[in-house]
Amino acid sequence: MSPPVLSVRDLSVIAKTDQGPQTLVDRVSFELNRGEILGLVGESGSGKSMTCRAIIGLLPSSRISISGGSVILRGKSDLTHLEESDMRKVRGGDIGMIFQNPSSHLDPVMSIGGQITESIRYHHQVNRAEARNRAIEILHQVGISDPAQRIDDYPHEFSGGMRQRAMIAVALACNPEILIADEPTTALDVTVQAQILRLLMDLREKRELSIILITHDLGVVAQVCDTVAVMYGGRICERGPKREIILDAHHPYTTGLIDCQPSGGSHRGLVKTIAGQPPSQGSMPTGCAFHPRCAHATKECAQTEPAAVDYQPNHMLACHHPIGEINEGGRA
Amino acid sequence: MNISRSVNARFGWRLKFNSGVVPLIIGISILGGWLLVAIFAPLLAPYDPIFQDAAVRLKPPSMAHPFGTDNFGRDVLSRVIWGARIDLQIATFGVVFAFVIGTTVGSIAGYYGGWVDMVLMRLIDVVLAFPFLVLMLTIIVILGPGLGSFYVAMALVGWVSYARLIRAQFLVLKNSDFAIAAVSLGYSHKRVMFRHLLPNAILGSIVFSMSDAVLVLLNGAAISYLGLGVQPPTAEWGTMIAEGQGFITIGWWITTFPGLAIVLLAMGFSMLADGLGEILGVRQ
Amino acid sequence: MHRYRFILYRPIQLLPVLIGISIIIFVLVRSIPGDPVRALLGARGTPESILRIRAQFGLDEPLWTQYFYFIENLFKGEMGRSILYKIDVLELIGTRIEPTLVLVGGSVLLALLIAVPLAAIAAKYRGRPVDHIIRLMSTAGLGFPAFWLAIMLILLFSIQLDLFPVAGYGKTFGEKLHHMILPWLTVALALSAVLTRNLRASILAELHSDQATAARARGLPESVVFWRHVMPNSLVPTVNLLAINIGWLISGTVVIESVFAIPGMGQLLIRGIFTRDYMVVQGVAMTFACATVFVNFMADVLTVTIDPRVKL
């Protein structure tokens with residue numbers, strides 16, 4: 001079997017604050033295979049966006065930095081130790097990124113075509129006409145009708161869904177193998193949301209694109225993902241194939257999230273919630289980060305951090321008191 | 001994205017707080033200092049600012065005359081100290097009238113809208129397109145040189161900026177939830193406007209008035225420099241610069257010190273505006 | 001190209017503004033106390049000669065008739081005759097407009113050359129010493145009286161170092177250039193203080209904007225992100241700031257022309273006001289007003305060119 005396209009090992013991110021260093025991302029590990037869609041799920045502040053920013057080396061502040069771990073691309077280079085100039089080739093060239101709000105993430109004063117050709121011409125030395133042809137082709141691929149006409153349009157002339165398609169086109173301009181999609185459908189209407197998700201699956205199909213999909217919406221995960229990693233308080237608390245996570249989750253937080261889905265729970269007409277608030281950076285609980293909100297928490301949970309255990313080859317869990325029966329077949 | 005923004009906000013707070021407090025303190029200190037100088041001018045000034053001593057004409061800075069003397073033998077330091085009275089007054093009155101007129105006009109235009117707003121906005125366009133020094137010079141020539149004419153001119157030209165600021169604030173605020181709530185409680189328009197909206201709208205204008213004071217101060221000095229403002233022998237910084245210009249080759253100190261005084265006073269206002277703007281979160 | 005459609009109808013919107021300006025100018029100029037004819041003739045004036053000259057300049061007609069003459073003549077491209085210089089005001093302005101245009105144009109250009117790099121450096125090294133120095137300089141620069149700065153520059157460069165002439169304009173291109181350097185520097189320093197502050201703030205906002213992050217995520221080097229994405233977006237508010245300040249800039253040049261004795265429009269205006277030369281004051285004020293309106297119009301065109309979202 002070929003090595004994973006992307007392999008993240010024990011990736012940690014810390015922020016320097018006046019109260020000392022604080023951990024934003026804590027020893028996060030996962031693998032992304034060719035053509036796989038990995039869902040990164042969690043509440044806001046759980047570290048999912050920060051993990052992805054760390055992968056492409058674009059942390060939002062100079063006070064925030066990677067403190068450990070590795071990000072291996074195609075079994076070869078470790079992105080955390082790459083020179084900035086080599087890292088730039090990775091960004092856009094190997095890993096593309098799209099964001100939640102296409103209106104603010106596209107340059108309002110440059111045409112869509114200009115933003116696509118700019119990337120193409122920077123990464124591949126091609127002439128203007130060739131870049132333009134490729135740009136039209138990409139716009140066509142992301143489902144923009146009449147791309148030869150629309151290529152000179154500005155972002156504000158596109159509708160919300162079209163803008164998200166345009167942003168995907170900009171991100172895919174240089175044929176990256178990996179696409180990081182940070183809440184790509186959150187700001188969109190439900191109908192448009194479905195179209196964008198279909199487009200992503202389509203692109204995975206045609207280009208064998210690997211996608212990391214950041215979302216807080218388990219509905220989205222259920223529709224498109226192959227693998228799911230659930231993050232809480234900067235750590236991955238459970239990771240496994242979608243089917244197992246949705247139907248047979250063991251971490252109390254995961255089951256809590258699933259119960260929160262309006263259609264997922266058995267209590268009709270009443271949406272369940274998880275009591276309490278997610279931790280903020282200043283007040284990370286000791287032991288298991290979830291224990292103050294967990295119904296199954298014991299003294300042990302407050303004292304020692306649960307180890308991340310692969311109890312099956314593809315299913316990782318970090319919990320002292322897992323819910324349900326665990327088939328420990330994979331445990332060494 | 002949400003996380004990065006919240007993290008930035010959290011780490012940014014202290015920084016922002018600090019970056020507002022430092023200029024505020026410096027600004028207040030400078031202005032307070034000048035205010036004390038102006039109040040205690042008779043005590044602080046070593047000499048009479050208009051006393052001419054033929055024996056010490058055009059003397060460079062020395063122990064007896066730290067800022068030197070001018071071509072009439074007057075002590076430049078004493079004139080700078082007494083000048084603080086006039087120039088602080090210029091900055092204050094030059095702003096106050098414009099502020100009051102502009103705020104009133106802007107509130108009316110912003111609150112009532114419609115044709116009132118249309119007419120006032122066109123009037124503002126006209127004044128804005130008018131080279132204001134032309135307006136000021138002609139008004140001063142019509143009314144005769146002096147500070148009174150200058151204040152009238154500043155009020156007639158300066159109200160425009162305040163009117164625009166307040167109007168823009170009102171347009172946003174009058175549709176805000178709390179204004180609608182106030183009207184639904186049965187308060188009169190006047191009450192809603194001046195009791196509920198104005199206090200919210202006026203913060204930006206107050207911050208702006210501090211930076212406006214800089215412009216007014218410079219204009220006042222420029223008008224006096226052109227010979228249309230404060231008349232000799234009264235000690236005023238702009239007039240002093242004009243008087244010293246002819247002696248620049250043999251007495252640099254006569255023009256240099258009053259100019260530095262203007263720069264320092266202007267910095268006080270600018271710093272105060274910066275600090276206030278930063279702390280109150282008002283964008284200029 | 002539909003976003004440029006406003007070029008067609010904006011002049012119609014500006015017409016009321018120009019009419020308003022012409023009325024204010026006319027009323028103001030007529031309100032200046034003192035009789036220009038008496039001033040002109042001095043002691044030689046007999047009642048008959050005064051009446052004759054008043055009639056010759058149309059000063060015996062009612063005010064509103066004079067206003068309509070003024071407007072009618074404006075459309076014919078005439079601004080009356082200068083009582084002092086005894087030539088057509090338009091012709092007079094023609095001889096004086098070049099120094100003023102050169103002064104304003106050169107100053108704006110120089111101010112941008114100073115402000116853009118300073119703002120970029122300050123924004124890039126935010127919070128570092130170089131940022132604090134640039135911010136302090138621009139805050140102090142706001143409070144520099146231009147006429148005083150001019151005198152200080154003369155003191156340093158003309159008197160101490162003997163590099164540039166103290167005053168005047170010169171005849172050949174080289175002479176003019178030599179004469180204009182200090183005036184340019186004076187106005188540019190004052191203007192660049194405002195521009196630097198404003199531009200620094202917008203560059204800072206744009207450097208941390210989502211679109212800049214997205215551009216970095218495409219692997220573009222920081223220089224490309226800065227010049228092609230951050231800068232164009234930051235320049236939009238600065239262009240507008242420049243346009244709003246053009247009235248202030250023209251006023252500033254009036255004072256600077258009188259410090260450096262540059263024979264431009266500003267000198268003409270001040271002289272006209274003091275000698276009650278109605279037609280000249282009227283003509284110069286109208287020209288300044290039209291220039292202000294025109295510059296704001298051009299700023300709109302430029303804004304629309306840079307920022308396609310703007311609808312006018």
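To be clear, the structure that these remarks concern was listed above.
Presented here is a report on the structure given in the accompanying data block.

A short note on the sheet that holds strand E11 (residues 309–312) of chain A
Strand pairing in a sheet relies on backbone hydrogen bonds, with the paired strands running either antiparallel or parallel. All names here are of chain A. A sheet is described by the order of its strands in space; here eight strands give the open sequence E6-E7-E8-E3-E9-E10-E12-E11, paired in mixed fashion. At either end of the open sheet lies a strand with only one pairing partner, and these are strand E6 (95–98) and E11. With strand direction ignored, the average angle separating the axes of adjacent strands in the sheet is 20 degrees. Alignment of E11 against strand E12 (residues 315–317), held across three bridges, turns out to be antiparallel. Opposite Gln312, over in E12, you have His315 as the bridge partner. Where helix H11 (residues 252–260) meets the sheet, it contacts strand E3 (37–41), strand E9 (227–232) and strand E10 (235–241), and its direction lies at approximately 105 degrees from that of E9.

What to know about H11(A)
Residue and element names in this part refer to chain A. Most of H11 is tucked away: eight of the nine residues are buried. Among the residues of H11, Pro252, Tyr253, Thr254, Thr255, Gly256, Leu257, Ile258 and Cys260 are the ones counted as buried. Tucked into the core, H11 has its buried residues touching E3, helix H9 (218–224), E9, E10 and helix H10 (242–247).

Considerations on the pairing of E9(A)
Residue and element names in this part refer to chain A. In terms of residue burial, E9 counts as a mostly covered element, since six of its six residues are buried. Of the pairings in the sheet, the one linking E3 to E9 comprises four bridges and is parallel in character. Bridge pairing links Gly39 to Val228 in E9. Linking E9 to E10, which pair antiparallel, is a turn of two residues; within it Gly233 sits at a positive phi near 55 degrees.

Structural notes on the pairing of E10(A)
Residues and elements named next belong to chain A. E10 sits mainly inside the fold: six of its seven residues count as buried. Here six bridges tie E9 to E10, and the two strands are oriented antiparallel to one another. Note on E10: the bridge partner recorded for Thr227 is Pro241. With two bridges joining them, E10 and E12 adopt antiparallel strand pairing. Bridge pairing links Glu238 to Leu317 in E12.

Notes on the interface of chain C and chain B
The interface is formed by 42 residues belonging to chain C together with 43 residues belonging to chain B. Taking both sides of the interface into account, the surface hidden between chain C and chain B amounts to around 3800 Å²; carbon and sulfur atoms contribute 80%. Looking only at chain C, the three residues that lose the most surface to chain B are Leu28(C), Phe147(C) and Trp148(C), adding up to 15% of its buried area. Here chain C is connected to chain B by one salt bridge. At seven residues, helix H1 (residues 6–31) of chain C tops the list of elements feeding residues into the side of chain C that touches chain B.

Description of the packing of aromatic side chains
Working definition: an aromatic ring pair is given by the centre-to-centre distance plus the angle between the planes. One pass over the structure, following the stated rule, counts 19 aromatic pairs over all chains. Relative to Phe147(C), the ring of Tyr225(B) has its centre 4.5 Å away and its plane inclined at 25 degrees; by these criteria the two rings are stacked. In this pair, Tyr225(B) is assigned in helix H8 (residues 189–225) and Phe147(C) in helix H7 (residues 146–160), connecting two distinct chains. The pair formed by Tyr225(B) and Phe147(C) is uniform in burial state, with each residue classed as buried. Among the aromatic side chains, those forming a connected cluster through ring pairs are Phe67(B), Trp252(B), Trp253(B) and Phe257(B).

Digging into the environment of Ile250(B)
Note on placement: Ile250(B) falls in the loop between helix H9 (237–245) and helix H10 (252–280). Put simply, Ile250(B) and Pro60(B) are 190 residues apart on the chain and 9.2 Å apart in space, counted from C-alpha to C-alpha.

Describing the packing of helix H5 (residues 132–143) of chain B against H1(C)
The interhelical angle for the contact between H5(B) and H1(C), taken along N-to-C directions, is 30 degrees, at an axis separation of 9 Å. As far as their axial angle goes, H1(C) and H5(B) are roughly parallel. Viewed along their axes, H5(B) and H1(C) form a crossing whose handedness is left-handed. Contacts from Leu135(B), Thr138(B), Ile139(B) and Ile142(B) of H5(B) reach H1(C) at Ile24(C), Leu28(C) and Ser31(C). Class assignment for the residues of the contact of H5(B) with H1(C) results in five nonpolar, two polar and no charged.

Comments concerning the sheet that holds strand E2 (residues 20–32) of chain A
Residue and element names in this part refer to chain A. Reading across the sheet, the four strands line up as E2-E1-E4-E5 and stay open at both edges, with antiparallel pairing between neighbours. Two strands close off the open sheet at either side, each with one partner strand: E2 and strand E5 (77–78). Sheet topology note: the strand E1 (residues 6–17)/strand E4 (residues 64–73) ladder contains eight bridges and is antiparallel. Across the sheet, residue Ile14 finds its bridge partner in E4, namely Ser65. Each of E1, E2 and E4 is contacted by helix H1 (residues 48–55), which is oriented at about 110 degrees to E1, the strand it contacts most.

Some words on helix H4 (residues 63–75) of chain C
Taking 1.5 Å as the rise per residue, H4(C) with 13 residues should run 18 Å; its terminal C-alpha atoms sit 19 Å apart, in good agreement. One or two positions beyond H4(C), positive phi appears at Gly77(C), with a value near 80 degrees.

So, the environment of Leu44(B)
Positionally, Leu44(B) belongs in helix H2 (residues 41–44). Excluding residues that lie within four positions of it along the chain, Leu44(B) makes contacts with Leu36(B), Val37(B) and Ile81(B).

Looking at the side chain of Asp87(B)
Residues and elements named next belong to chain B. As for its placement among the helices and strands, Asp87 is situated in helix H3 (residues 76–112). Within the buried core, Asp87 has no salt-bridge partner, and the shortest N-O distance to an opposite charge, that of Arg79, equals 10 Å. Look past the residues within four positions of Asp87 in its chain and what remains in contact with it is Leu217, Glu236, Trp237 and Leu265.

With respect to the side chain of Thr139(C)
With respect to the helices and strands, the residue Thr139(C) is situated in helix H6 (residues 129–142). A polar atom in the side chain of Thr139(C) sits 3.3 Å from the side chain of Arg197(C). If near-sequence neighbours (up to four positions away) are discounted, Thr139(C) is found in contact with Met267(B), Ser270(B), Met271(B), Asp274(B) and Arg197(C).

A look at the packing of helix H5 (residues 89–124) of chain C against helix H11 (residues 246–260) of chain C
Residue and element names in this part refer to chain C. It is the contact of H5 with H11, at a shortest axis distance of 10 Å, that shows an interaxial angle of 120 degrees. Between H5 and H11, the crossing angle belongs to the class labelled oblique. Our pair here, H5 against H11, has a crossing hand that is right-handed. For the pair formed by H5 and H11, the contact residues are Thr100, Leu103, Val104 and Val108 on the first element and Leu249, Thr253, Ile256 and Glu257 on the second. Tallied by class, the residues present in the contact of H5 with H11 amount to five nonpolar, two polar and one charged.

Rules used throughout
- Residues numbered from 1 in each chain as written.
- Chains lettered and ligands numbered in written order.
- Predicted model: local features only at pLDDT ≥ 70, side-chain atom pairs only at ≥ 80, totals over all residues.
- Heavy atoms only, no water.
- Pairing = 2+ DSSP bridges.
- Helix = DSSP H or I, 4+ residues; strand = E, 2+ residues; numbered from the N terminus.
- Axes fitted to C-alpha atoms, helices over the stretch in contact; angles between N-to-C directions.
- Contact = heavy atoms within 4.5 Å.
- Buried < 20%, exposed > 50% of the residue type's maximum accessible area, 1.4 Å probe, protein only.
- Buried area = accessible area lost by both parts, 1.4 Å probe.
- Salt bridge = Lys/Arg side-chain N within 4 Å of Asp/Glu carboxyl O.
- Phe/Tyr/Trp six-rings, centres within 6.5 Å; stacked < 30°, edge-to-face > 60°.
- Parallel < 35°, antiparallel > 145°, perpendicular 65-115°, else oblique.
- Left-handed = near helix turned anticlockwise from the far one by under 90°.
- Nonpolar A, V, L, I, M, F, W, Y, C, P; charged D, E, K, R; others polar.
- Expected span 1.5 Å × (residues − 1).
- Lys, Arg positive; Asp, Glu negative; His and termini not counted.
- Polar contact = N/O pair within 3.5 Å; in protein donor to acceptor, adjacent residues only side chain to side chain.

Bear in mind that shape data such as this cannot, by itself, settle questions of function.
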